[in-house]
Amino acid sequence: RIQEALAVESRHRFWETQPVGQFKDARDGSLPEGPIEPPIPVSAVKQEPYNLPALYEWTTCDIDDDQTCAEVYNLLTNNYVEDDENMFRFNYSKEFLRWALRPPGYFKAWHIGVRVKATKKLVAFITGVPARIRVRDEAVRMAEVNFLCVHKKLRSKRLAPVMIKEVTRRVHLENIWQAAYTAGVVLPTPITTCRYWHRSLNPKKLIDVGFSRLGARMTMSRTIRLYKLPEATVTPGFRKMELRDVAAVTRLLRDYLSQFVVAPDFDENDVEHWLLPLENVVDSFVVESPETHEVTDFCSFYSLPSSILNNPNYSGLKAAYSYYNVAMRTPLLQLMNDALIVAKQKDYDVFNALDLMHNEVFLKELKFGPGDGQLHYYLYNYRLRSALQPSELGLVLL
Ligand code: NHW
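Residues numbered from 1 in each chain as written. Predicted model: local features only at pLDDT ≥ 70, side-chain atom pairs only at ≥ 80, totals over all residues. Heavy atoms only, no water.

1. Section: the site of the ligand
Not every one of the 34 residues close to the ligand is listed here, only the nearest: His-12, Trp-15, Leu-148, Ser-156 and Ala-160. Separating an oxygen atom of the ligand from a side-chain N or O atom of His-12 is a distance of 2.6 Å. One of the backbone N or O atoms of Arg-13 is found 3.3 Å from an oxygen atom in the ligand. Taking 1,200 Å² as the accessible area of the ligand by itself, protein coverage stands at 88%. Breaking the shell around the ligand down by element, the ones donating at least two residues are strand S5 (138–150), helix H4 (159–172) and strand S6 (178–183). The dominant element in the shell around the ligand, judged by the number of residues it contributes, is H4, at eight residues. Looking at the shell around the ligand, its residues break down into 21 nonpolar, eight polar and five charged. (Near = heavy atom within 4 Å. Polar contact = N/O pair within 3.5 Å; in protein donor to acceptor, adjacent residues only side chain to side chain. Areas by Shrake-Rupley, 256 points an atom, 1.4 Å probe, with all protein chains shown as cover. Helix = DSSP H or I, 4+ residues; strand = E, 2+ residues; numbered from the N terminus. Nonpolar A, V, L, I, M, F, W, Y, C, P; charged D, E, K, R; others polar.)

2. Brief notes about the sheet that holds strand S12 (residues 306–308)
What the three strands build is an open sheet, ordered S2-S12-S13; its pairing is antiparallel. Here the strands that pair on one side only, and so sit at the sheet edges, are strand S2 (88–90) and strand S13 (316–317). With three bridges joining them, S2 and S12 adopt antiparallel strand pairing. Among the inter-strand pairings, Phe-90 is bridged to a residue of S12, identified as Ser-306. (Pairing = 2+ DSSP bridges.)

3. Remarks on the nonpolar core
Grouped together as the largest cluster of nonpolar side chains are 76 residues, with contacts concentrated most on Phe-298, Tyr-302, Tyr-323, Tyr-324 and Tyr-377. The greatest single-element share of this core, amounting to seven residues, is contributed by helix H7 (residues 246–257). In this structure, this core is formed jointly by two domains, domain 1 (2–188) and domain 2 (193–392), each of which donates at least three residues. Among the nonpolar cores identified, the runner-up in size contains 29 residues, and Val-116, Ala-143, Val-150 and Leu-159 belong to it. (Core = buried A, V, L, I, M, F, W, Y, C linked by side-chain atoms within 4.5 Å. Buried < 20%, exposed > 50% of the residue type's maximum accessible area, 1.4 Å probe, protein only. Domains from an automatic or database assignment.)

4. Remarks on the side chain of Ser-284
Mapped onto the fold, Ser-284 is located in strand S10 (residues 282–288). Ser-284 sits in the buried class, given a relative accessible area of 0%. Polar contacts involving the side chain of Ser-284 include one to the main-chain carbonyl oxygen of Leu-275, which spans 2.5 Å. In contact with Ser-284, not counting residues within four places along its chain, are Arg-239, Lys-240, Met-241, Leu-275, Pro-277, Phe-298, Cys-299 and Ser-300. (Contact = heavy atoms within 4.5 Å.)

5. Considerations on the domain arrangement of the protein chain
When its domains are assigned, the protein chain resolves into domain 1 (2–188) and domain 2 (193–392). Taking only C-alpha atoms into account, the centre of domain 1 sits 26 Å from that of domain 2. With 50 residues of domain 1 at the contact, the number on the domain 2 side is 43 residues. Taken over both partners, the interface formed by domain 1 and domain 2 buries close to 4,500 Å², and the fraction arising from carbon and sulfur atoms is 57%. In terms of surface lost to domain 2, no three residues of domain 1 exceed Phe-88, Trp-99 and Arg-134, which account for 18% of the buried area on that side. On inspection of domain 1 and its partner domain 2, the count reaches four salt bridges. Between Asp-265 and Arg-132 there is a salt bridge, with the nearest N and O atoms lying 3.2 Å from each other. (Buried area = accessible area lost by both parts, 1.4 Å probe. Salt bridge = Lys/Arg side-chain N within 4 Å of Asp/Glu carboxyl O.)

6. Observations concerning the packing of aromatic side chains
Considering all chains together, one arrives at 26 aromatic pairs under this definition. Each ring, one from Phe-301 and one from Tyr-348, has its centre 5.7 Å from the other, and the planes form 80°; the classification is edge-to-face. A residue pair is termed long-range when its members are at least 10 positions apart, and Phe-301 in strand S11 (residues 295–303) and Tyr-348 in the loop between helix H9 (332–345) and strand S16 (350–354) qualify at 47 residues. In this pair, the class of Phe-301 matches that of Tyr-348, namely buried. On the numbers, 5.5 Å between centres and 85° between planes, the contact of Tyr-302 with Tyr-323 is edge-to-face. (Phe/Tyr/Trp six-rings, centres within 6.5 Å; stacked < 30°, edge-to-face > 60°.)

7. Some words on the pairing of strand S4 (residues 122–135)
Regular strands have side chains that alternate between both faces of the sheet. Among the 14 residues in S4, 13 count as buried, and that is most of the element. The pairing of strand S3 (residues 111–116) with S4 spans five bridges and is antiparallel. Residue pairing across strands places Arg-115 opposite Leu-122, the latter belonging to S4. Between the end of S3 and the start of S4, which pair antiparallel, lie five residues, with Lys-120 showing a positive phi angle near 65°. Of the pairings in the sheet, the one linking S4 to S5 comprises 11 bridges and is antiparallel in character. When the sheet's bridge partners are listed, Ala-131 is paired in S5 with Met-142. As defined by bridge partners, S4 adjoins strand S9 (residues 262–264) across three bridges and the pair is classed as antiparallel.

8. Some details on helix H3 (residues 94–101)
By the criterion of burial, H3 is predominantly enclosed, with six of the eight residues buried. For H3, the full list of buried residues reads Phe-96, Leu-97, Arg-98, Trp-99, Ala-100 and Leu-101.

9. Here we look at the packing of H7 against helix H8 (residues 268–275)
In the contact formed by H7 and H8, the axes pass within 9 Å of each other and the chain directions differ by 100°. As far as their axial angle goes, H8 and H7 are roughly perpendicular. Each of Val-246, Ala-247, Val-249, Thr-250 and Leu-253 in H7 lies in contact with H8, whose residues at this interface are Glu-268, Val-271, Glu-272 and Leu-275. Here the residues of the contact of H7 with H8 are counted per class, giving six nonpolar, one polar and two charged. (Axes fitted to C-alpha atoms, helices over the stretch in contact; angles between N-to-C directions. Parallel < 35°, antiparallel > 145°, perpendicular 65-115°, else oblique.)

And the structure:
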């Protein structure tokens, strides 16, 4: 018992020191919702960066700069997130990184790298971008923290906690005191845990590279037939989103997202940035009523390929990730089936979606299968009374 208690005590040496929901408080429903620590005057925030081990130095990464962008891209391409079997690794494109890191009001100082002093080689990275996220009826200014990466050769040296403290300091300097982030690992304490579901678009390749397996009593040709999709979308008025749709899409999205406990508080500038189509980065479609020319529905996905590690025939997997979808007039099932059809037209191998918002409605029906990856959602310095159901969450992070 004592040993068990000690193990629990020392399990998260870093996270136990941070203003996050702690495991020991998980069943204590009497703790108040909201900020865990109050803000302090910005003038009282530590003015100097945290200390790094002597061989390393901080750098602010100017992602506009082609050379810096390439360094970040290479660090992530070789060292970022892999699946449990180390068969695939996320391969965010440079265009994607520029999109993800430069939303309205972004701060350059929140794109933080670590270099080897002697060689200037980039060996670690972490980023924040500003966002307004609504929790119940309160819109909270937050940082969305992402792309935490430490070079494989520098793992397990407690560099990550220093990077997290440094990004926290720089966020505090902008008078922002909360953050949202996701991770595949369990930390204190998820606000909810989602599962990834996968819809095969190119089943033969997915099986060949070991992403999926042939089902029991299935042949390759039956599998290909099972996942076959129509050549063209079926919803009348389904078309690519354009700049002129921003106001209508913002209204649709704000109205839809208002029903979730945690969701982004998007204005038109945010929608223009996050949802206007950007080649090979984000795709968005509206349904414009052929009669009234009203925009009645909306769907979107982003493009996040993975490198295929150690396969003689294939080097990359083209994956689309469901982003924000709003079905007002068109049935959600039909809208998402059209999204699958355009993803197939664009040569994606797989369409991924989490089981959040109303996604449960279409996942099984549209032949998505559950993956083994879980995604935990976290808030920094903001307590919820109790964990949410995935269906109560309206936030997709990249
Ligand atoms: S999740 C993707 C994270 N990146 C990867 O998985 C890439 C491959 N792995 C690595 O590069 C999306 C390393 O393994 C990393 C850890 C760098 C992950 N989140 O340096 P040490 C995001 O980017 C804790 C948070 O020895 P390492 C979201 C771990 O629990 N903490 O480990 C990022 C332990 O602490 P503990 C994580 O393997 C959100 C400590 O790090 C974590 O060499 C960040 C060990 O450090 C993770 N994914 O490097 C938080 N993985 O207490 C933002 C491990 O348990 C918070 N750890 O002893 C908000 C800040 C802003 C607030 C503003 C008010």
